[in-house]
Amino acid sequence: AVTAVNSTMPLISFKYVLMKSWYIVVFYFLASKYFQKEEVAKKFIWALIVSVVLLSAYTLFVHAGGGFSRAYAYTAMRPFLPDHGMYAACISFIVPVLFVFAIHGKTLGYSQALRILCVILFLFMVVAVALSFTRASWISLVVALGIYFLFRFKVKFKYVVLLGVIAVGGLLSNMDNLLTDLSRNKNESDDNIENHLQSVSNVSSDPSNLERLNRWSSAIRMWEDKPLMGWGPGTYTFQYGQYQLQHQMTIISTNAGTLGGVHSEYIRPLAESGVIGAVGFIVIVFWVFSMGFKHQRVLSGSAKYLSMAVFLGLVTYFAHAVLNNYSEFDKIAVPLYSFMAILTAIEIKYQNVQKDSKK
């Protein structure tokens, strides 16, 4: 809202802020009040699980008609979702939820039969994500699994942050060598899942990867022109065309933004809301991770594993968001803000218990 005041396209930014406000007010602030009752949060999660499983079943049924080919995977989820990227991001939310429910369901009060059902649904959803041919979602599930093992080994959040800073510093200091190595990868998107996964690091010939680099570079150049408050929320699609360089454009490049936006939840606010927006988004991500790790340290019983389930669901999106941005779409905004609302509700409940114990 602050950066929209200085927008280069006031009407676009006003509509964008209004749209975001609907999601945040309803699915975060309002929902967090209801989710302080654990049973309400569980019912909501199960409603989401059922709907996503039905969506996946429909998509796989349609996909089967095309022989489970990569090309068919891109549109099999229509008319419910526009493309495979958003579909994969949506269904990835519940994969770690089902994983936690299956392993720790007894503590959550679930019967053995329900835990077995969670195992079956988990395996089904893993297959659904794999057949989405969305590399970002595959990576996001690996990241969520890695965080789960950090929980199991009781690694403190401050050490995770330290390792993250060291990793980013190492990447930046060796960027030239890294780009040289990546340029040798000639694997492109393919029906073969192994080749498709290897194409993640192909920045020499894979059109999808090259187009991401083009969109990111355009966003960085936009930010350099308006570093503090950016061009205004929601304006990237309309403004980035003039910042594309001819040698970076690909066969799928467009000045109209008809084939997606900036393709990164982290870079988009930098271009649209400047340093203020980028720092604001990173603070939100940091808060979610801090809360998730804290709950595994201080909570016990069902609250601990309910928090773990929704936090790992959020991890899948925040990992996926490095390569895509879907938070303005309802199918992603609902689980994104409601899962954060559940974390908040658990935290409020914990703080209230702490206050009562001190009295």
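Refer to the preceding data block for the structure.
Notes on the structure follow.

**A short note on the overall build of the chain**
For step 1, the next point in the chain: Per the secondary structure count, the chain includes 15 helices and 0 strands.
For step 2, the next point in the chain: The buried share among the 359 residues of the chain stands at 49%.
For step 3, the next point in the chain: Sequence-distant contacts in the chain: of pairs separated by 6 or more residues, those separated by 24 or more amount to 73%.
For step 4, the next point in the chain: For the chain, the exposed area adds up to about 17500 Å²; of that, 67% sits on carbon and sulfur atoms.

**Topic: the packing of aromatic side chains**
For step 1, the next point in the chain: The final tally for this structure, using the stated rule, is 23 aromatic pairs.
For step 2, the next point in the chain: Where phenylalanine 93 meets phenylalanine 339, the ring centres are 5.7 Å apart and the plane angle is 90°; that geometry is what we call edge-to-face. Taken together, the residues phenylalanine 93 in the loop between helix H4 (84-92) and helix H5 (94-104) and phenylalanine 339 in helix H15 (residues 330-358) connect sequence positions 246 residues apart. There is no split in this pair, since phenylalanine 93 and phenylalanine 339 are both buried.

**Comments concerning the nonpolar core**
For step 1, the next point in the chain: Among the nonpolar cores identified, the biggest contains 78 residues, and Ile49, Phe101 and Phe311 are the most heavily contacted of them.
For step 2, the next point in the chain: At 12 residues, H15 tops the list of elements feeding residues into this core.
For step 3, the next point in the chain: Ignoring any residue separated from it by four or fewer positions in sequence, one finds phenylalanine 311 in contact with Ile147, Phe151, Val288, Phe289, Gly292, Phe293 and Leu343.
For step 4, the next point in the chain: The next biggest cluster of nonpolar side chains, apart from the first, holds 10 residues, and it includes Trp216, Ala219, Met222 and Ala271.

**Details of the side chain of glutamine 239**
For step 1, the next point in the chain: Tracing the chain through its elements places glutamine 239 in helix H12 (residues 236-239).
For step 2, the next point in the chain: With a relative accessible area of 12%, glutamine 239 lands in the buried category.
For step 3, the next point in the chain: Side chain to side chain, glutamine 239 and glutamine 242 meet in a polar contact 3.0 Å long.

Conventions adopted
- Residues numbered from 1 in each chain as written.
- Predicted model: local features only at pLDDT ≥ 70, side-chain atom pairs only at ≥ 80, totals over all residues.
- Heavy atoms only, no water.
- Helix = DSSP H or I, 4+ residues; strand = E, 2+ residues; numbered from the N terminus.
- Buried < 20%, exposed > 50% of the residue type's maximum accessible area, 1.4 Å probe, protein only.
- Contact = heavy atoms within 4.5 Å.
- Areas by Shrake-Rupley, 256 points an atom, 1.4 Å probe, with all protein chains shown as cover.
- Phe/Tyr/Trp six-rings, centres within 6.5 Å; stacked < 30°, edge-to-face > 60°.
- Core = buried A, V, L, I, M, F, W, Y, C linked by side-chain atoms within 4.5 Å.
- Polar contact = N/O pair within 3.5 Å; in protein donor to acceptor, adjacent residues only side chain to side chain.

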